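Summary of the model geometry
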Amino acid sequence: IDVLATAFGMEERGEQLKSAFSTLVEDCLSLTSGITDKRSAYIGSLAYNGAHGIDSSIPYYIPFELAGLENILSGKVDYNGSGVKTYKASDIGSNIEDDTILFVDASGYSQNNTNDAKGILRMFQGKDAYLVAPYIWTGINYDTIFVIAYQMMNQAYGDDVLSDSELEDRIDNVYNLFYGTP
């Protein structure tokens, strides 16, 4: 942020954005600090340089960290490349628990029409499942990371962590901090 802010002569805006990141991370961590029984989750159809199917995921998904969710792929970290990889059904299915939530990146939703994809989706039958906005394509949309994290808190833990009206207020705040408008 500092390099770009200096290059564009927008140092004050750079400081505002850095402050926004700190404020939002602190808010997320504060909201989730009281969670004693974290739910597990899987994010599928994660985009990177294009849309991908349900087997495309990442072991370290930033919105999960901010939302107080345990990633079922957390033991599969591979730091080569972008981190977004294709996982075998056995790697995904072996870690699904009773409380596991399925999140599907909207950019790859339409890619899930193969037999392999349908097989993975069947493993989540009877589980909570939600569609989330994409935050990566070839770059990261940082505002969307926070919007997704708040959405996930609300969907995973409900009013105990973040009510529907609080969710709306938090999302408006993200857009206000990043763009000056809700």
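Please refer to the structure placed before this passage.
Residues numbered from 1 in each chain as written. Predicted model: local features only at pLDDT ≥ 70, side-chain atom pairs only at ≥ 80, totals over all residues. Heavy atoms only, no water.

A word on the packing of helix H2 (residues 11–32) against helix H6 (residues 142–157)
As a packed pair, H2 and H6 sit with axes 11 Å apart at the nearest point and diverge in direction by 15°. Relative to H6, H2 is oriented roughly parallel. The two elements H2 and H6 meet at a crossing, and its hand is left-handed. Along the contact surface, H2 presents Phe21, Leu24, Val25, Asp27, Cys28, Leu31 and Thr32, while H6 presents Tyr142, Phe146, Ala149, Tyr150 and Met153. Grouping the constituent residues of the contact of H2 with H6 by class yields ten nonpolar, one polar and one charged. (Axes fitted to C-alpha atoms, helices over the stretch in contact; angles between N-to-C directions. Helix = DSSP H or I, 4+ residues; strand = E, 2+ residues; numbered from the N terminus. Parallel < 35°, antiparallel > 145°, perpendicular 65-115°, else oblique. Left-handed = near helix turned anticlockwise from the far one by under 90°. Contact = heavy atoms within 4.5 Å. Nonpolar A, V, L, I, M, F, W, Y, C, P; charged D, E, K, R; others polar.)

Details of the sheet that holds strand S5 (residues 101–105)
The strands making up a sheet associate through hydrogen bonds between their backbones, and the pairing can be parallel or antiparallel. Across the sheet, four strands lie side by side as S3-S1-S5-S6; this open sheet has parallel pairing. Every interior strand has two partners, whereas the edge strands, strand S3 (70–71) and strand S6 (129–132), have only one. Here four bridges tie strand S1 (residues 40–44) to S5, and the two strands are oriented parallel to one another. Each bridged residue has a counterpart across the sheet, and for Ala41 the counterpart in S5 is Ile101. The strands touched by H6 within the sheet are S5 and S6, with S6 carrying the most contacts at an inclination of about 165°. (Pairing = 2+ DSSP bridges.)

Description of the nonpolar core
By size, the foremost hydrophobic cluster in this structure holds 34 residues, and its most contacted members are Tyr61, Leu69, Phe103, Tyr150 and Met152. By residue number, the principal contributor to this core is H6, which donates ten residues. The residues touching Phe103, leaving out its near neighbours within four places in the chain, are Ala41, Tyr42, Ile43, Gly44, Phe64, Leu69, Tyr130, Val132, Met152 and Gln155. Counting twelve residues, the second-largest nonpolar core is a separate cluster that includes Ile72, Ile96, Ile120 and Phe124. (Core = buried A, V, L, I, M, F, W, Y, C linked by side-chain atoms within 4.5 Å. Buried < 20%, exposed > 50% of the residue type's maximum accessible area, 1.4 Å probe, protein only.)

Some points on the pairing of S5
Consecutive side chains along a regular strand alternate between the two faces of the sheet. Summarising burial for S5: five of the five residues are buried, a large majority. Judged by which residues are buried, S5 turns out to be covered on both faces: Ile101, Phe103 and Asp105 on one side and Leu102 and Val104 on the other are all buried. Note: S5 against S6, four bridges, orientation parallel. Each residue of the ladder has a partner; that of Asp105, found in S6, is Val132. In terms of handedness, the path from S5 via helix H5 (residues 115–123) over to S6 forms a crossover that is right-handed. (Right-handed = clockwise from strand over helix to strand, strands pointing away.)

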